[in-house]
Amino acid sequence: MKAYRADLLDFQRTPAWGDTLAEGAVRFRADHWLLVDGDGRIAGVQPQPPDPGIEREDWRGHLLLPGFIDTHVHSSQVGVMASYGTALLDWLNNYTFPAERAWADPEVAAQGSAHFLDALLAHGTTAAVVFPTVHKGSAEALFQAADERQMRVIAGKVLMDRHAPEGLRDLSASQAERDCIDLIDRWHGRGRASYAITVRFAPTSTPEQLAMAGALCRANETLYMQTHVAENRDEVKWVGELFPHARSYLDVYARVGLLHRRSVLAHGIWLDAEDRAALRHAGAQIAFCPSSNLFLGSGLFDWPAMLGADAAVSMASDVGGGTSLSMQRTLSDGYKVLALAGHKLTAWTALHAATRGAAQALLLADEIGTLEPGRLADFTVWRWAATPVDTERQRLARDLHEKVFAWMTLADERHLRATWVAGRKRFDATNENAKTTTRAH
Ligand code: GUN
Ligand code: ZN
């Protein structure tokens, strides 16, 4: 057993939209102790110090949160971030596809996956739904690296067999299917890994490949599915030309069996009411990627419309379209996207969607997302403020929502002190700072 003292914040229920009080939903336990057992699970939370024999870490005056869950991010695109001057389709052709070709090399995939997961941990993200590349080895490397870190990942080899350059296309539906089946047999349900059938997006798969992907989902309902949908207007128009018989972009997936309870669809900006009803009916979720949507000029996601349809929304960085792995920056960009449409995103709804809400949408609420006893101890400790400017802003905050909202808006990975995965410290800012300083000299 080990005990950690800090200000503990998590959620017991879904906060109501616009409710800055969120009583009964948000659970803030200032200066409490989190108890973690020897198996890496949360054993309890208490106000009083633990028994004398129990090892302690005193993070008094710091914020302790469940690890963030990033529901859409590309392991191969950390180096694509901040690429100038394009919208989605040109961005893919000019920057992203060339970068992904390098991942055919298992060495690049192994080193890149390790770098990517360590970067997630250094941003306070302990669980993620990840796109590697079309190469089987890129998924293998990611699962391997996640297993070494005991991280919760949902991922799968990217499926694409057209409208992509040489070296990034599956050779046939049967080769792609074999690769998926091999990876499912090796990784699905092993440790903390789950396999996701990963169709890049409708334009890069032939109807035959989409049918194969749908059949894999139908054959095993424990598999996840991840893809992109309705991100950019030119993309939506192109999908309409490629699939004239589908009612909508989302319907291309629905028709072949790719829209189900474990589907995670990134973006969903250009959906209509019928699409949202279909998402709700399937129990699928949209991964809202505000940083990416702003950077690529894709559009403004309509969260209230999703809410009206009772369809699930989680939060995602979409790096390399997004410009940061930081979930605070992502949430803060989410606030701004909604503000542009005249809506207000509370810190509670935002943080919930990056923790408990995402866990629920992924059917993983028994494992991650809260500080409930029995959950795996994936958690993070943050400074409330790191500079004179945000220290002053924190001092002026008059209530809890104001304090947490100011933190969400002003903090980033530089506020992170340490990250634990299944009870083990996997990132420690003190060591990292020492490393960076050594390297710089
Ligand atoms: N649509 C198809 N591929 C991608 C990708 O890599 N990133 C984003 N943002 N959208 C996509
Ligand atoms: Zn993406």
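For the structure, see preceding data.
What comes next is a walk through the structure.

What counts, and at which threshold
- Residues numbered from 1 in each chain as written.
- Chains lettered and ligands numbered in written order.
- Predicted model: local features only at pLDDT ≥ 70, side-chain atom pairs only at ≥ 80, totals over all residues.
- Heavy atoms only, no water.
- Phe/Tyr/Trp six-rings, centres within 6.5 Å; stacked < 30°, edge-to-face > 60°.
- Helix = DSSP H or I, 4+ residues; strand = E, 2+ residues; numbered from the N terminus.
- Buried < 20%, exposed > 50% of the residue type's maximum accessible area, 1.4 Å probe, protein only.
- Lys NZ or Arg CZ within 6 Å of the ring centre and 35° of its normal.
- Salt bridge = Lys/Arg side-chain N within 4 Å of Asp/Glu carboxyl O.
- Patch = residues over 30% accessible without salt bridge, like charges linked within 9 Å, V, L, I, M, F, W, Y side chains within 5 Å.
- Areas by Shrake-Rupley, 256 points an atom, 1.4 Å probe, with all protein chains shown as cover.
- Donors = N, O, S within 2.8 Å, 3.2 Å for Na, K, Ca; no water.
- Tetrahedral: all angles 85-135°; square planar, octahedral: opposite > 155°, others 65-115°.
- Pairing = 2+ DSSP bridges.
- Axes fitted to C-alpha atoms, helices over the stretch in contact; angles between N-to-C directions.
- Contact = heavy atoms within 4.5 Å.
- Polar contact = N/O pair within 3.5 Å; in protein donor to acceptor, adjacent residues only side chain to side chain.
- Core = buried A, V, L, I, M, F, W, Y, C linked by side-chain atoms within 4.5 Å.
- Near = heavy atom within 4 Å.
- Nonpolar A, V, L, I, M, F, W, Y, C, P; charged D, E, K, R; others polar.

## Considerations on the packing of aromatic side chains
Under the defined criterion, the tally for this structure stands at 15 aromatic pairs. Note on Phe28 and Trp384: the rings are 6.4 Å apart at their centroids and 75 degrees apart in plane angle, and the pair reads as edge-to-face. Highlighted residues: Phe28 in strand 2 (residues 26-36) and Trp384 in the loop between strand 14 (379-383) and helix 14 (388-396), separated in sequence by 356 residues. Phe28 gets classed as partly exposed once you look at its relative accessible area, which sits at 28%. Between the aromatic rings of Tyr249 and Tyr253, the centroid separation amounts to 5.8 Å while the plane-to-plane angle is 45 degrees, which identifies the pairing as tilted. Of the two residues, Tyr249 and Tyr253 are both situated in helix 7 (residues 249-255); the distance of four residues between them amounts to about one turn of the helix. The exposure class of Tyr249 is buried, given its relative accessible area of 5%. The buried category is assigned to Tyr253, whose relative accessible area is 0%. These aromatic residues form a ring-pair network of at least three members: Tyr4, Trp59, Phe379 and Trp420. A cation sits over an aromatic face here: Arg262 above Tyr224, 5.6 Å from the ring centre. A cation sits over an aromatic face here: Lys403 above Trp384, 4.1 Å from the ring centre.

## Looking at the pattern of salt bridges
Charged atoms that come close allow side chains of opposite charge to pair. In total, this model carries 32 salt bridges according to the counting rule given. A salt bridge links Glu274 to Arg247; the nearest nitrogen and oxygen atoms lie 3.1 Å apart. Taken together, the residues Glu274 in helix 8 (residues 273-282) and Arg247 in the loop between helix 6 (233-242) and helix 7 connect sequence positions 27 residues apart. The exposure class assigned to Arg247 is partly exposed, which follows from its relative accessible area of 38%. For Asp412, the salt bridge goes to Arg414, with nearest N and O atoms at 2.5 Å. We classify Asp412 as buried; its relative accessible area is 3%. Bridged by salt links that share partners, the residues Lys2, Glu55, Glu57, Lys425 and Asp428 form one connected network.

## Focus: a nonpolar patch on the surface
A surface patch of nonpolar side chains, about 270 Å² in accessible area, is lined by Leu294, Leu300 and Leu340. Tracing the backbone shows Leu294 in helix 9 (residues 290-295). Residue class for Leu294 comes out partly exposed when judged on its relative accessible area of 36%.

## Focus on the coordination of the zinc ion (ligand 2)
Around the zinc ion (ligand 2), the protein supplies His72 (NE2), His74 (NE2), His228 (NE2) and Asp318 (OD) as donor atoms, at distances of 2.0 to 2.2 Å. Around the zinc ion (ligand 2), the four donor atoms sit at angles spanning 91 to 164 degrees, and that spread fits a shape best called irregular. Mapping the donors of the zinc ion (ligand 2) onto the primary sequence yields the spacing H-x1-H-x153-H-x89-D. Of the two residues, His74 sits in strand 5 (residues 68-74) while His228 sits in strand 10 (residues 224-229), which places them 154 residues apart along the sequence. Residue His74 is classed as buried on the basis of its relative accessible area, which comes to 2%.

## Overview of the sheet that holds strand 4 (residues 55-66)
Strand pairing in a sheet is mediated by backbone hydrogen bonds. Such pairs are either parallel or antiparallel. On the basis of which strands lie adjacent, the open sheet formed by seven strands has the order 3-2-1-4-14-15-16 and mixed pairing. Only two strands of the sheet have a single neighbouring strand rather than two, namely strand 3 (42-46) and strand 16 (424-428). Shown here is a sheet whose adjacent strand axes are inclined to one another by a mean of 35 degrees, direction ignored. Summarising the sheet, strand 14 and strand 15 (residues 416-421) pair through four bridges and their orientation is antiparallel.

## Description of helix 15 (residues 400-410)
Where helix 15 is concerned, the buried positions are His401, Glu402, Val404, Ala406, Trp407 and Met408. Packing partners of the buried residues in helix 15 comprise strand 1 (2-11), strand 4, helix 11 (327-340), helix 12 (347-353), strand 14 and helix 14. One side-chain oxygen of the residue at the start of helix 15 lies 3.2 Å from the amide nitrogen of His401, identifying that residue as Asp399.

## A look at the nonpolar core
With 108 residues, the main nonpolar core has Leu117, Ile197, Tyr253, Leu258, Leu265, Leu279 and Trp303 as its most contacted residues. With six residues, helix 2 (residues 106-122) is the largest single contributor of residues to this core. In contact with Leu117, other than residues within four places in its own chain, are Leu142, Ala145, Ala146, Arg149, Met151 and Val153. If you look at the next biggest cluster of nonpolar residues, it comprises 16 residues, including Ile154, Val264, Ala266 and Cys289.

## Brief notes about the site of ligand 1
Taken together, His74, Gln77, Leu88, Trp91, Leu92, Arg200, Phe201, His228, Glu231, His267 and Asp318 make up the full set of residues adjacent to ligand 1. Between ligand 1 and Arg200, the relevant distance is 2.7 Å, taken from an oxygen atom to a side-chain nitrogen or oxygen of the residue. The separation between a nitrogen atom of ligand 1 and a polar side-chain atom of Glu231 is 2.7 Å. For ligand 1, the accessible surface in isolation is 270 Å², of which the surrounding protein chains cover 100%. Looking at the shell around ligand 1, the element that brings in the most residues is helix 1 (residues 88-101), giving three residues. Counted by class, the shell around ligand 1 contains four nonpolar, four polar and three charged residues.

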